[in-house]
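# Fold and contact review
Given next are the chains, with one letter for each unit.
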Amino acid sequence: MPNTIRYFRDALTIDQTLISTLNAFGGDTLVLGARELALVSLSPNFNYIIAADHLTASAAIVLAGQDGNPSLSVTVLESRIDGALNLTCAGMPGEKGADGEPGESGITDNPEGGRPIVLPGGAGGPGENGEAGAPGGNLTISYTSAGVTPVGSSPGGRGGAGGAGGPGGAGRPAGKRGAPGRPGMNGATGLVNIRKVASAEVWSLLDARSAREWAEYRAEVAGYLLRKYDCESQLAALGETQGALILNPADPDAATIQSRIANRQIPSGLPRDLDIALLSRS
């Protein structure tokens, strides 16, 4: 049964190297999230939900379904997209029909010796019909802003070629070649939904568990940045809490850290400008 594998980082590059480390099997869904995400390549063996504050696309990606995952599903949820995001999620092509069997030979040995006995050759068997192509996949892209409008397509898989008719058997006359099989039907076009949305809606298609786990990760990053105390880290921590609370408004750690930053407090809740005197016993 297909599984869902979730993987969140502050910065992430999606390519074959990353995908191979996730120990996924054909048909599994990979949920990949990051603040900064570079999309380099994908494998057609898996389905994807890709979410980020900022996605950089480097090249068009063309996928065709494979055994175990004939019709892919790819969902991309991004606040900002740089580069030309262009995805194709084609259905798996149909298998070629099997070729027909050769006709039986009409030439047999003469039991009395001498020349072989030559009879009419048998007709070749008919080729099998090609299999239908799989439907195109489901492609969803939701984004808040993009320098170049994202594009995508989801064509059905091409139908498999018909098998060749089997050759006629040797003889006099030679057997007729079998009829070729018919090509399979092309798969139906899949669903493509590309839309520009408000920033508060961009990750709304994430399932509840993925949203919760990514929010928890972002709150952890915010907590780390809060403890660095420099101005740049405080602003980055604030951004992480804002992202976490969009994903899960009930995340307690993100809410607490956001409050600490707004009120100029250290992680324990004390004012940042409070001097604590250490009194020694006289």
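What comes next is a walk through the structure. (Residues numbered from 1 in each chain as written. Predicted model: local features only at pLDDT ≥ 70, side-chain atom pairs only at ≥ 80, totals over all residues. Heavy atoms only, no water.)

## So, helix α3 (residues 231-247)
To keep it simple, the criterion reads: To qualify as a helix, a DSSP run of H or I must reach at least 4 residues; to qualify as a strand, a run of E must reach at least 2; elements of each kind are numbered from the N terminus. Every helix has an expected span of 1.5 Å times one less than the residues it contains. Relative accessibility thresholds used throughout: buried, under 20% of the residue-type maximum; exposed, over 50%; partly exposed, between the two (1.4 Å probe, protein chains only). Here, residues are in contact when the closest pair of their heavy atoms is within 4.5 Å. Here a polar contact means two N or O atoms within 3.5 Å. Within protein one must be a hydrogen donor candidate and the other an acceptor candidate, and residues neighboring in sequence count only if both atoms are side-chain atoms.
For α3, built from 17 residues, the straight-helix expectation of 24 Å at 1.5 Å per residue is met to within 8% by its first-to-last C-alpha distance of 25 Å. Buried within α3 are the following residues: Ser-233, Gln-234, Ala-237, Glu-240, Thr-241, Gly-243, Ala-244, Leu-245 and Leu-247. For α3, the elements touching its buried residues are β1 (4-14), β2 (29-39), α2 (208-226) and α4 (252-262). Near the N-terminus of α3, the side chain that reaches the backbone nitrogen of Glu-232, with its oxygen 3.3 Å away, is that of Asp-230.

## As for the pairing of β1
Selection criterion: Here, a strand pair is defined by DSSP locating no fewer than two bridges between the strands.
Across ten bridges, the pairing between β1 and β2 is parallel. If you follow Arg-6 over to β2, its bridge partner there is Val-31.

## Details of the nonpolar core
This is how the line gets drawn: Residue types Ala, Val, Leu, Ile, Met, Phe, Trp, Tyr and Cys, when buried and joined through side-chain atoms within 4.5 Å, form a set referred to as a nonpolar core.
Core analysis: the biggest nonpolar cluster contains 31 residues, and Ile-14, Leu-30, Leu-37, Leu-39, Leu-55, Leu-85 and Leu-87 have the highest contact counts within it. Elements with a contribution of two residues or more to this core: β1, α1 (16-21), β2, β3 (47-57), β4 (61-64), β5 (73-82), β6 (86-90) and β9 (138-146). Look past the residues within four positions of Leu-30 in its chain and what remains in contact with it is Ile-5, Ile-19, Leu-22, Ala-24, Phe-46, Asn-47, Tyr-48 and Ile-49.

## Comments concerning the sheet that holds β3
Across a sheet, strands are paired by hydrogen bonds formed along the backbone, either parallel or antiparallel in direction. How we decide: Fitted lines through C-alpha atoms serve as axes, helices being fitted only where they are in contact, and the angles separating the N-to-C directions of these axes extend from 0 to 180 degrees.
Reading across the sheet, the six strands line up as β1-β2-β3-β5-β9-β11 and stay open at both edges, with parallel pairing between neighbours. Every other strand in the sheet has two partners, leaving β1 and β11 (192-196) as the edge strands with one partner each. Within this sheet the neighbouring strands show an average axis-to-axis angle of 10°, counted without direction. In the packing of α2 onto the sheet, the strands contacted are β1, β2 and β3, and the crossing angle to β1 comes to about 35°.

## Observations concerning the sheet that holds β4
Here three strands make up an open sheet; going across it, the order is β4-β6-β10 and the pairing parallel. Both edges of this open sheet fall to β4 and β10 (151-153), since each of them pairs with a single strand only. Sheet twist, expressed as the average angle between the axes of neighbouring strands with direction ignored, equals 10°. Judged from the three bridges that link them, β6 and β10 form a sheet pairing that is parallel.

## Considerations on the packing of aromatic side chains
Quick note on the threshold: Here the aromatic set is Phe, Tyr and Trp, taking the six-membered ring for Trp, and pairing holds for ring centres within 6.5 Å; pairs whose planes are under 30 degrees apart are stacked, those over 60 apart are edge-to-face, and all others are tilted.
Under the counting rule described, the total for this entry stands at two aromatic pairs. Arranged with centres 6.0 Å apart and planes meeting at 10°, the rings of Phe-8 and Trp-214 form a pair that is stacked. Placement of Phe-8 in strand β1 and of Trp-214 in helix α2 is noted, with a sequence separation of 206 residues between them. Each member of the pair, Phe-8 together with Trp-214, is buried. Where Trp-203 meets Trp-214, the ring centres are 5.0 Å apart and the plane angle is 65°; that geometry is what we call edge-to-face. Remark: Trp-214 occurs in helix α2 and Trp-203 occurs in the loop between β11 and α2; sequence separation between them is eleven residues. You can call Trp-203 buried: its relative accessible area is 7%. Taken together, Phe-8, Trp-203 and Trp-214 form an aromatic cluster joined through their ring pairs.

## Remarks on the pairing of β6
Summarising burial for β6: four of the five residues are buried, a large majority. Summarising the sheet, β4 and β6 pair through four bridges and their orientation is parallel. The residue of β6 that forms the bridge with Ala-64 is Ala-90.

## What to know about α4
Heads up, the rule is: The arc in question is the one traced by the directions running from the helix axis out to the C-beta atoms.
Among the residues making up α4, those that are buried are Ala-254, Ile-257, Arg-260 and Ile-261. Seen from one end, α4 has its buried residues packed into an arc of 125°, which puts them on one side. Opposite the buried face of α4, at more than 90 degrees from it, the exposed residues are Pro-252 and Ala-262. Buried residues along α4 sit in contact with α2 and α3. Measuring from the side-chain oxygen of the N-cap residue of α4 to the backbone nitrogen of Asp-253 gives 3.2 Å; that N-cap residue is Asp-251. Looking one or two places after α4, you find Arg-264, whose phi comes out positive at around 55°.

## Quick look at the pattern of salt bridges
The test is simple: Any Lys or Arg side-chain nitrogen located within 4 Å of an Asp or Glu carboxyl oxygen qualifies as a salt bridge.
For the structure on display, the rule yields nine salt bridges. Two residues, Arg-35 and Glu-240, come together in a salt bridge whose shortest N-O distance is 3.6 Å. Of this pair, Arg-35 sits in strand β2 while Glu-240 sits in helix α3; the two residues are 205 residues apart in sequence, bridging distant segments of the chain. Given the relative accessible area of 3%, Glu-240 is considered buried. One network of salt bridges, with partners in common, ties together Asp-10, Arg-35, Glu-36, Asp-53, Arg-218 and Glu-240.

Scope: geometric values only; no functional claims are made or implied.
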